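# Overview (structure and organization)
Here is what each chain is made of, one letter per residue.
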Amino acid sequence: MAKSALQIARAAYQPKLPKSLTGNVRICEGKATESVADQEEIKKLFPNTYGLPVVQFEATEDAADYPAINVGVILSGGQAPGGHNVIAGLFDGIKKMNPESRLFGFLLGPGGLVDHNYKELTADIIDEYRNTGGFDMIGSGRTKLEKKEQFDKGLEILKALNIKALVIIGGDDSNTNACVLAEYYKSINAGVQVIGCPKTIDGDLKNDMIETSFGFDTACKVYSEVIGNIQRDCNSARKYWHFIKLMGRSASHIALECALQVQPNICIISEEVEANNRSLDDIVTYIAEVIAKRAEHSDNFGTVLIPEGLIEFIPAMKSLIAELNDLLATNTDFIHIKKSHQREFIISKLSKDNAAIYESLPSLVAKQLTLDRDPHGNVQVSQIETEKLLSDMVGRKLAQWSEEGKYVGKFSALHHFFGYEGRCAAPSNFDTNYCYSLGYVAAALIANGKTGYMASVRNTVAQPEEWIAGGIPTTMMMNIERRNGEMKPVIKKALVDLNGNPFKAFVANRDKWAIGTEFVYPGPIQYFGPSEVCDQPSKTLQLEQGK
Ligand code: FBP
């Protein structure tokens, strides 16, 4: 594989570990735990893995003997920077405990386990991918691992390869399923432990025990670099408004973190829109007002950050999308209707209120709302061009205000969507160290016989040496939620906390950033150089941890 100079230099980097993991390690067990809500129901569903203690690893003088073990690993869902380092940490961890241990990667996501598609990950393969972005070492996929038949099929290959522990690297849903799998294998005495690792650029897998999901730090730094460049460009030419949509399937953590890094003129936070019951017109009016105000000083330029999931947080749009989901699910022949008649068909079937909203949308966006659903029947928000929808509606409002003499200015909009650009970036120092540590922790949990746990590394705003390594019982993070019409035990998704420090810091500044031009240009991620340039964790993490 041809390599860039940076890749070559980066391959030689030795990730930092918490000091508790660098020598001999002992496990300390805390008290029994409870789930965050719905304790009785969750206890019933997870009789073997409920109530386990939080565990922490500490350094010890005493060396222990660990038997050799075969371990499997799966990457699940969307790519996130640092995944290869979780695998490298896991590999080094199990080899340190016993050099005869072996690691097998299941290919292209959880489907690899079910379809018996795997490869052994030997030292030469691991070395090729140390400190790199991407998930291409074994690939990823979105197959849901949730049915007994899949679990049984998976067990066949685990048994054939003598695999005694499986590490699933994924988001909230994949980790929920990992726990269901752990429970099932325990209940049938399969002799296979299951450990999860918190991954997602969206940053919505976090709680009191899991400070951040890996990949969020790097992805936000990549987007912030590019937004900063755009801001410098628009501050130079002074003629464009940039509407920038940022990934994040539902939560707005990425948009918020980028806003804290770049100080844009406008950033919409979906959770706030929902909490204040804002309509699409309210959002459009807010943006148009800022544009009109800036135009008074001839500042006909600026940036607007839009979270990818926004549309589903606008209460009226949510109701329209829900009705469209049902309508498309029951009218499976919709795709065969002549394209020119599809719009009319939809309008004729929708309820009066939703039909009115649908009719008011620009035709491109209305069409996007009826595109193919994901495997769960949900609209694929990353394909809806919310940035165009908003700029189009803002343009129309400004034209109207101009006619009424309320606005004098020039409005010219450009559109961007940043998501895929950041998901496979070379991990920042933070993610490089964090991911390697998570993998190492997974190995320590396995060596200590744990199952139904998520690897955890805390105190992450300190230097890596001071990080706290341990394991959190996955049932502790669960509650019961309605998913696709059914009540299910799931890890509670972390949306932006409107009472949290990151959001408060944004609110305290946003009016100033709207009218003034207070852009910050963060520049590219730096891997070598002064620590304050290379090692800063995300602003979200720093503010959440009171820094
Ligand atoms: P995960 O939750 O699996 O980490 O993926 C999140 C995400 O990156 C979202 O931000 C985005 O909406 C989605 O994946 C895009 O999915 P796909 O990769 O299937 O296009």
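Residues numbered from 1 in each chain as written. Predicted model: local features only at pLDDT ≥ 70, side-chain atom pairs only at ≥ 80, totals over all residues. Heavy atoms only, no water.

## Focus on the environment of Q526
Following the sequence through the fold, Q526 ends up in the loop between α19 (501-515) and α20 (531-534). Residue classification places Q526 among the partly exposed positions, given a relative accessible area of 32%. Along the backbone, Q526 and L495 are 31 residues apart, and their C-alpha atoms lie at a distance of 29 Å. Setting aside anything within four residues of it in sequence, one finds Q526 in contact with N429, V533 and C534. In this structure the side chain of Q526 is engaged in a polar contact, spanning 3.2 Å, whose partner is the backbone oxygen of P524. (Helix = DSSP H or I, 4+ residues; strand = E, 2+ residues; numbered from the N terminus. Buried < 20%, exposed > 50% of the residue type's maximum accessible area, 1.4 Å probe, protein only. Contact = heavy atoms within 4.5 Å. Polar contact = N/O pair within 3.5 Å; in protein donor to acceptor, adjacent residues only side chain to side chain.)

## What about the pattern of salt bridges?
Summed over the entire model, instances satisfying the criterion amount to 23 salt bridges. E128 is the salt-bridge partner of K3, the closest N and O atoms lying 3.2 Å from each other. Of this pair, K3 sits in the segment before α1 (5-11) while E128 sits in helix α5 (residues 123-129), and the two are 125 residues apart along the sequence. Looking at E128, the relative accessible area reads 27%, which means it is partly exposed. (Salt bridge = Lys/Arg side-chain N within 4 Å of Asp/Glu carboxyl O.)

## A look at the side chain of T212
Checked against the element boundaries, T212 lands in the loop between β7 (193-198) and α8 (216-237). T212 sits in the buried class, given a relative accessible area of 8%. Those residues within four positions of T212 in sequence are excluded, and the remaining contacts are P198, L205, K206, F430, Y434 and L541.

## Observations regarding the site of the ligand
Residues in close proximity to the ligand total 13 residues, the closest being G78, D202, E308, Y420 and R423. Contacts to the ligand include R423, whose side-chain N or O atom sits 2.8 Å from an oxygen atom. Taken by itself the ligand offers 480 Å² of open surface, and the protein chains cover 78% of this. Among the residues forming the shell around the ligand, the class breakdown is three nonpolar, four polar and six charged. (Near = heavy atom within 4 Å. Areas by Shrake-Rupley, 256 points an atom, 1.4 Å probe, with all protein chains shown as cover. Nonpolar A, V, L, I, M, F, W, Y, C, P; charged D, E, K, R; others polar.)

## Looking at the environment of N501
By the secondary structure assignment, N501 is in helix α19. Remark: the alpha-carbon pair of N501 and Q545, spanning 44 residues in sequence, is separated by 8.8 Å. Here the side chain of N501 touches L543 through a polar contact of 3.0 Å, landing on its backbone oxygen.

## A word on the side chain of R458
Note that R458 resides in strand β12 (residues 453-458). Excluding anything up to four places from it in sequence, R458 contacts Q56, D208, M209, E211, W467 and I468.

## Looking at the sheet that holds strand β10 (residues 302-307)
Taking strand neighbours across the sheet as the criterion, the four strands line up as β9-β10-β8-β11 in an open arrangement whose pairing is parallel. If you trace the sheet from one side to the other, it starts and ends with β9 (266-267) and β11 (413-418), each paired once. Both β9 and β10 contribute to a ladder of two bridges, which runs parallel. Pairing of C267 across the sheet is with L305, part of β10. In the packing of α8 onto the sheet, contacts are made with β8 (241-246), β10 and β11, and the angle to β8 comes to roughly 175°. (Pairing = 2+ DSSP bridges. Axes fitted to C-alpha atoms, helices over the stretch in contact; angles between N-to-C directions.)

## Some points on the packing of helix α12 (residues 315-330) against helix α14 (residues 352-360)
The contact between α12 and α14 brings their axes to 10 Å, and the two run at 105°. Classed by the angle they form, the pair α12 and α14 counts as roughly perpendicular. Of α14, the residues touching α12 (which contributes A316, M317, S319, L320, E323 and L324) are N354, I357 and Y358. Counted by class, the contact of α12 with α14 contains six nonpolar, two polar and one charged residues. (Parallel < 35°, antiparallel > 145°, perpendicular 65-115°, else oblique.)

## Some remarks on α14
The set of residues buried in α14 consists of N354, A355 and Y358. For α14, the buried positions fall inside an angular range of 100° around the axis, keeping them on one side. Opposite the packed face of α14, turned more than 90 degrees from it, sit the exposed residues K352 and D353. The inward-facing, buried residues of α14 abut α12, α13 (339-349) and α15 (363-368). (Arc of directions from axis to C-beta.)

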